[in-house]
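Per-entry structural report
Letter by letter, the chains look like this.
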Amino acid sequence: MTPLRAPAAAGRCPRPATAPSPGASRRDGDKADGDATRVARLRQWHRHHRLAFDAAVAVVAFVAILCGAVAGPHGAHGTHLPRFAARELTVTMVVLAALACGALVLRRRLPRTVLAVTGALTIVELVAQSNAPRAPVAGAAVIALFTVASHTDRPTTWRIGALTCVVLTAAAMFFGHRAWYAQENLAIFAWTGMAAAAGDAVRSRRAYVDAIRERAERAERTREEEARRQVAEERLRIARELHDVVAHHIALVSVQAGVASHVMDNRPDQAKQALAHVREASRSALEELRATVGLLRQSDDPKAPTEPAPGLGVLDQLVDGFVRAGLPVALELPSGPQPALPASVDLTAYRVVQEALTNVHKHAGDGARAAVRIVRTEGALTVTVQDDGRGAGAHAAGGSGAAGEGAVPEGGGGHGLIGMRERVQALRGTVVTGPRAAGGFQVRVTLPLGGARTGGTT
């Protein structure tokens, strides 16, 4: 016997399924978009024409009730298909069906009233047709119960639904021409129960969708408020930076320019030295302004030359500028190598010293001396700026000294102290200003070092 051979097709590898073409995918996407557009238009029409929609529902219900009134439960020869014109359509059936379905037009405006009317008409129809096959007027009550359930809360839905089920089912059992356990009686109970459950489900889904929409709108509002808050904080930070830069250097320029104009005729060498200080202060101001304004550039703007933010590492240059401007400053720094300071603390400490020495130079008067002392502990950095306030300008400025509350230029309100306090409070630090027992004023700032990002130097 020759062995049987397997069919040739059995040994072949199945052909891989081909991916849909781009044209087919595009057509499917266009069809889905078209279906979504039609659904959106239908929902919009339903939202603006609710009364017309309810009238259409009433007409459909009326036709269905009349068809059910004239149709027999079984067809010819015992088939399960309904047989039309098996029953006679009476005037009572038509009137009751018309009244019940006509009430459905107002089912959204008066849901409970419509339910009561349709339920009463159903009971009237059950009593009036007790000896003959009845028309399914209870279908109008089922639609009215669905509307009530979809527009009320769950406890109310179950109370009204249970009452409707019990009343209509009991009326059908007591006044029907068939036995109390007949299929038509149980159908009323089933349909009313399903109407209450379906209406409650629709209401729950509508509430869920509304909650999601409200949550999305609230998140959008919160995001916009957060963006506005960040913009305001950034504007305030830039304003502080510009004030610190401009106030410091312009104060030096003003003082040196006054000295140059005063000694121009008698001591030209000293006037030249003062003008050199003016030029150097102006150059420094321009460089810091360029670095600050560079932060405002967009990502696609040409990059401007910027320098690292100043810190305590260049404090010697700041003090040297005041010394050359005529303000003796004693500087005391921690001895030995120190770990890097957080960048925010480093910049804030530098700006505090800058603002305090600027106020001393402007308001403490001629002959005043200042002392800057920086102490670093394990958890905090303390910056202290003191002056002796021995100049005549100290009394003219109200004895404000370094950074007292009255240390403001004559004829205007200063923002330096406000910016200093805002800087320190942003880092959860403390600022203490007040007169000294030996004369003059002092500024004492404590900045915590925990939880900040490193990046500066001491």
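Look up a bit, the structure's there.
Anyway, here's the lowdown on the structure attached to this text.

**A word on the packing of helix H3 (residues 91-103) against helix H4 (residues 111-128)**
- For the pair H3 and H4, the least separation of the axes is 9 Å and the interaxial angle reads 170°. Taken together, H3 and H4 sit at an angle that is classed as roughly antiparallel. Contact residues: H3 offers Thr92, Leu96, Leu99, Ala100 and Ala103, while H4 offers Val114, Val117, Thr118, Leu121, Val124, Glu125 and Ala128.
- Its residues assigned to classes, the contact of H3 with H4 comprises nine nonpolar, two polar and one charged.

**A look at a nonpolar patch on the surface**
- A surface patch of nonpolar side chains, amounting to about 250 Å² of accessible area, comprises Leu51, Leu106 and Leu110.
- With respect to the element layout, Leu110 can be found in the loop between H3 and H4.
- Accessibility expressed as a relative area gives 41% for Leu110, which makes it partly exposed.

**Focus on the pattern of salt bridges**
- Counted by the stated rule, this structure contains 11 salt bridges.
- For Glu214, the salt bridge is made with Arg218, and the minimal N-O distance between the two is 3.8 Å. Taken together, the residues span about one helical turn, with Glu214 and Arg218 both in helix H7 (residues 183-263) at a distance of four residues.
- Take Glu214: its relative accessible area is 47%, and that puts it in the partly exposed class.
- The residue Glu233 makes a salt bridge to Arg229 at a minimum N-O spacing of 2.4 Å. Of this pair, Glu233 and Arg229 both sit in helix H7, four residues apart, which is roughly one turn of the helix.
- For Glu233, a relative accessible area of 44% corresponds to the partly exposed category.
- Judged by its relative accessible area of 38%, Arg229 falls in the partly exposed class.
- The network of salt bridges with common partners includes Asp54, Arg107 and Arg108.

About the criteria used
- Residues numbered from 1 in each chain as written.
- Predicted model: local features only at pLDDT ≥ 70, side-chain atom pairs only at ≥ 80, totals over all residues.
- Heavy atoms only, no water.
- Axes fitted to C-alpha atoms, helices over the stretch in contact; angles between N-to-C directions.
- Helix = DSSP H or I, 4+ residues; strand = E, 2+ residues; numbered from the N terminus.
- Parallel < 35°, antiparallel > 145°, perpendicular 65-115°, else oblique.
- Contact = heavy atoms within 4.5 Å.
- Nonpolar A, V, L, I, M, F, W, Y, C, P; charged D, E, K, R; others polar.
- Patch = residues over 30% accessible without salt bridge, like charges linked within 9 Å, V, L, I, M, F, W, Y side chains within 5 Å.
- Areas by Shrake-Rupley, 256 points an atom, 1.4 Å probe, with all protein chains shown as cover.
- Salt bridge = Lys/Arg side-chain N within 4 Å of Asp/Glu carboxyl O.
- Buried < 20%, exposed > 50% of the residue type's maximum accessible area, 1.4 Å probe, protein only.

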